[in-house]
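# Structural characterization, general
Chain by chain, the residues:
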Amino acid sequence: MIEATEKYLVEKESLNPVESSSKSATMDMMQQGVRKPHYTRLLIFDKRLVIQVACCLPLKVIAASLDGKPVAGRVLFNSHTEKEGGKLVYEFQGKGTEMILDLKRGESARAQRLIFRGIH
């Protein structure tokens, strides 16, 4: 299991200029006093890279690269409920030593960029 060595918030281009932010979902969660688990893990299984992510919001991979080259992948599991939050399991094709992943949480106008180094 590899943890992200760096995390950033990056602006993403919106196709819809009236896109709302994820503030309302976060405020609803805070008002209810419920804190859902948040984690991001990169797992290596027999030369396959699998990312597991949990958050209170719906999750979506919007871009990924291995060693600076775009990498393809597929969703193995994706769900979101108000009670359980969002969960995403995504498998990537290819191998490399550094992965950069852009992840969209809810309807945010920003993406979270995660950098994983030391992949073997």
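Our subject in this report is the structure included herewith.

Conventions we followed
Residues numbered from 1 in each chain as written. Predicted model: local features only at pLDDT ≥ 70, side-chain atom pairs only at ≥ 80, totals over all residues. Heavy atoms only, no water. Helix = DSSP H or I, 4+ residues; strand = E, 2+ residues; numbered from the N terminus. Contact = heavy atoms within 4.5 Å. Areas by Shrake-Rupley, 256 points an atom, 1.4 Å probe, with all protein chains shown as cover. Pairing = 2+ DSSP bridges. Axes fitted to C-alpha atoms, helices over the stretch in contact; angles between N-to-C directions.

## Concerning the overall build of the chain
Secondary structure assignment for the chain yields 1 helix and 9 strands. Element order for the chain, N to C, with α for helix and β for strand: β-α-β-β-β-β-β-β-β-β. In the chain, the share of contacts with a sequence separation of at least 24, taken over all contacts with a separation of at least 6, comes to 63%. As displayed, the chain offers around 7,700 Å² of accessible surface, 54% of which is attributable to carbon and sulfur atoms.

## Topic: the environment of Val75
Positionally, Val75 belongs in strand E6 (residues 73-81). Each residue touching Val75, except ones within four places of it in the same chain, is listed here: Leu88, Val89 and Tyr90.

## Here we look at the sheet that holds E6
Here 4 strands make up an open sheet; going across it, the order is E2-E3-E7-E6 and the pairing antiparallel. If you trace the sheet from one side to the other, it starts and ends with strand E2 (39-45) and E6, each paired once. Averaged over all neighbouring strand pairs, the angle between strand axes comes to 10°, with direction disregarded. Two elements, E2 and strand E3 (residues 48-55), share 7 bridges in a ladder whose sense is antiparallel. By the bridge assignment for E3, Phe45 is matched with Arg48.

Nothing here speaks to function; it is all geometry.
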